[in-house]
Every structure is written in structure tokens, then in C-alpha cells.
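Geometric and topological summary
Here's the letter readout for the chains.
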Amino acid sequence: MTGRSAPATPQARAVRLGPRSVAALALVSAVGVAAFGWPFLAPPASRLSAHAQDAPWLFSVLLVLLVAVVAATISESGLGPKAVAMLGVLAATGAALRPIGAGTAGIEPMFFLMVLSGRVLGPGFGFVIGGVTMFASSLLTGGVGPWMPFQMLAMGWFTMGAGLLPGQDRLRGRAELLILAVYGFLAAFVYGTIMNLAGWPFMSALASNVAFEPGAAVPANLARFVAYCLATSLGWDLGRALVTVVLTLTLGPVILRALRRATRRAAFESPVTFDASPG
């Protein structure tokens, strides 16, 4: 394994994003930003801030519908039977990996698999597999609640981001692993931070001085949120980031080769045809 970038065969993609898919992804991402960041985007005197305990529930219902729309739109762009089979295998594997650590001290091995899957299969497939894997793992672990749609969207972003990293068709070897490890490390913290935004407004301001306070100025709530992240999730996020880096560097070469071999043999961009029987 070397750190050189060598010419490589153009990498197969399970899904080639068309204009409709890109538009759907942009729409759900924009709504997702609003769903996660409304405590800082809504004016302190707005009616949304006055309903801080209800807003996460409303956004969670909306996100379920939008993620479904994106999945349907991407499927129209070419999510064929071979890609669906690959999606099922990877989602089942990721869902099975999640309970191994049960989130203890940030030991969540599914994240490294999402990074590698997004890298090989591209951003469109990455978004779908991230959301589907989180949905399946939530059912498997009993983690179903208003936070699940936020987890699905955040994991979709996480996996899609790996597919947007540069050098998909050229970069191989140590250099590629280092890029994926750095991305996994940073994105693990970003994932934990934005997921904190999903649950933070549920806290009662009377219960803690780091809880969201409806009607407070944005700087005051921002300071509360930073303190909340440092107090509750920094250790977990660091554990998740380190586990992702270690697994990416150690198991990454083998899994990347296996995924690329599978995509070449699947020939996703070749249509499935059925020959008529001689009779």
C-alpha cells in the first residue's frame, strides 16, 4: 500500500444523481438545517420559540416525510434491483454493528462502515444507505422516538459527505485512507453536535443552566448549548471519532477492495434484462 495517487478505473456508482434528486436532497437538507437549528434561527419572540417542547415533534414528522420523498426521488434516478440488494446488505450489516457497543463510550463501529460505503458508492447512495441503516438499527435496538428522523437525516449527511470527498477515481492507498480517517474523525464530532441540537430543546430551562431557554437571546442560548455539548457529549463524540479512525485505518483497505469489487461485478449502470426462454 503506497501513498501515491495512481490512475484507476472510473469508479462505479449505484446511483447517478439527476437534477430532481439533487433538488430533493437540497430541499430536505435545507429543511433539516431549519429543524436542527431553529433555536438559533427563530427570533426569541417567535411563536416557534414559545412552543419549544412541541417543535421537535413537528419537525420529526416533517423529516420522515421529506426523507421518504428523497429516497423515492433517488430511486427514480436508477436505484435498480442490484443497487437495492447492495443497500439491503450494507444496511443490515450497519444495523448489526450498532448494538455491539450500544454507544458505550462512543464505541459505535457502524460509523466507519458508513464512511467507506459512501466513499465507494457515491453521495446519492450514501444518503439513502445512511438513513436506511439508522432506521433499521433503531428498530433493532428499540431506539424509536422523535429523535429517530433526526438521526436518519444526520447519518444520511454523514454518509453522503464521504461520497463527496475528492479523488474518487484517482486516489488510492494510504492517502485515501488518511483522507477518510480525517473525515470520519471530524464528521463524528459534527454528527454528535447536530444530534445534540435535536434533543437540547426538550430540556426544561428550570432543570439545568445549560438547557435551552425560550425567549433568551441567541448568544445566551449559544453559550448554553456549547456548555451542554462539553458537559454531556464531548467524551462520547471523541470515542466515536477515535473508533472510526482506528477501524478505517485497519479494516479500510480490505473493505474498500471488497466494496469496489462488488460494485464492478454488479455493473450497476448496466440494465437488468431477462432473456426469453427458448420455448
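Reference entry: report on the structure contained in this document. Since the model is a prediction, treat every value here as computed from it, not as a measurement. (Residues numbered from 1 in each chain as written. Predicted model: local features only at pLDDT ≥ 70, side-chain atom pairs only at ≥ 80, totals over all residues. Heavy atoms only, no water.)

**Details of the nonpolar core**
In this structure, Phe36, Leu90, Phe125, Met155, Phe158, Tyr191 and Met195 are the most contacted members of the largest nonpolar core, which totals 52 residues. Elements with a minimum of two residues in this core: helix H1 (19-41), helix H4 (81-101), helix H5 (110-121), helix H6 (123-141), helix H7 (148-163), helix H8 (174-199), helix H9 (218-232) and helix H10 (234-266). Those residues within four positions of Tyr191 in sequence are excluded, and the remaining contacts are Phe111, Met134, Gln151, Ala154, Met155, Phe158 and Arg240. (Core = buried A, V, L, I, M, F, W, Y, C linked by side-chain atoms within 4.5 Å. Buried < 20%, exposed > 50% of the residue type's maximum accessible area, 1.4 Å probe, protein only. Helix = DSSP H or I, 4+ residues; strand = E, 2+ residues; numbered from the N terminus. Contact = heavy atoms within 4.5 Å.)

**Quick look at a nonpolar patch on the surface**
Taken together, the side chains of Leu222, Val226, Leu230 and Leu234 make up a nonpolar region of the molecular surface, amounting to roughly 350 Å² of accessible area. The element contributing the most residues to the nonpolar patch is H9, with three residues. (Patch = residues over 30% accessible without salt bridge, like charges linked within 9 Å, V, L, I, M, F, W, Y side chains within 5 Å. Areas by Shrake-Rupley, 256 points an atom, 1.4 Å probe, with all protein chains shown as cover. Salt bridge = Lys/Arg side-chain N within 4 Å of Asp/Glu carboxyl O.)

**As for the pattern of salt bridges**
With the rule as written, the count across this model stands at four salt bridges. Arg240 is paired through a salt bridge with Asp237; the nearest N and O atoms lie 2.8 Å apart. A residue pair is termed a helical-turn pair when its members lie 3 or 4 positions apart in one helix, as Arg240 and Asp237 do in helix H10 at three residues. For Arg240, a relative accessible area of 7% corresponds to the buried category. Residue class for Asp237 comes out buried when judged on its relative accessible area of 4%. Look at the salt bridges and you will find they share partners, linking Glu108, Asp237 and Arg240 into a network.

**A closer look at the environment of Thr93**
Secondary-structure assignment places Thr93 in helix H4. Relative accessible area serves as the criterion here: at 36%, Thr93 is assigned to the partly exposed category.

**Details of the packing of aromatic side chains**
Summed over the entire model, instances satisfying the criterion amount to seven aromatic pairs. Ring geometry for Phe111 against Tyr191: centres 5.0 Å apart, planes inclined by 75°, an arrangement best described as edge-to-face. You can see Phe111 sitting in helix H5 and its partner Tyr191 sitting in helix H8, a full 80 residues away along the chain. Residue classification places Phe111 among the buried residues on the basis of a relative accessible area of 1%. Here the aromatic residues Phe111, Phe158, Tyr183 and Tyr191 are joined through ring pairs into a cluster of three or more. In this arrangement the basic side chain of Arg240 is found over the ring face of Phe111, its NZ or CZ atom lying 5.2 Å from the centre. (Phe/Tyr/Trp six-rings, centres within 6.5 Å; stacked < 30°, edge-to-face > 60°. Lys NZ or Arg CZ within 6 Å of the ring centre and 35° of its normal.)

**Comments concerning H5**
Note on helix geometry: an α-helix contains 3.6 residues per turn, so any two residues three or four positions apart are oriented the same way. Relative to the 16 Å expected for twelve residues at 1.5 Å per residue, H5 spans 16 Å between its end C-alpha atoms, a close match to the ideal helical length. Looking at H5, one finds that the buried residues are Met110, Phe111, Phe112, Leu113, Met114, Val115, Leu116, Ser117, Gly118, Arg119, Val120 and Leu121. Looking one or two residues past H5, Gly122 carries a phi angle of roughly 95°, positive in sign. (Expected span 1.5 Å × (residues − 1).)

**Examining the packing of H5 against H6**
One way to put it is that H5 packs onto H6 with a least axis distance of 7 Å and a crossing angle of 155°. In terms of orientation, H5 and H6 fall into the roughly antiparallel class. In this structure, H5 meets H6 at a crossing whose hand is right-handed. Taking contact as the criterion, the partners of Met110, Met114, Ser117, Gly118 and Leu121 in H5 are, on H6, Pro123, Phe125, Gly126, Ile129, Gly130, Thr133 and Met134. Residues that form the contact of H5 with H6 fall into these classes: seven nonpolar, five polar and no charged. (Axes fitted to C-alpha atoms, helices over the stretch in contact; angles between N-to-C directions. Parallel < 35°, antiparallel > 145°, perpendicular 65-115°, else oblique. Left-handed = near helix turned anticlockwise from the far one by under 90°. Nonpolar A, V, L, I, M, F, W, Y, C, P; charged D, E, K, R; others polar.)

**Observations regarding a positive patch on the surface**
Where like charges cluster on the molecular surface, the positive patch consists of Arg257, Arg261, Arg264 and Arg265. Looking at Arg265, the relative accessible area reads 71%, which means it is exposed. (Lys, Arg positive; Asp, Glu negative; His and termini not counted. Charge placed at Lys NZ, Arg CZ, Asp CG, Glu CD.)

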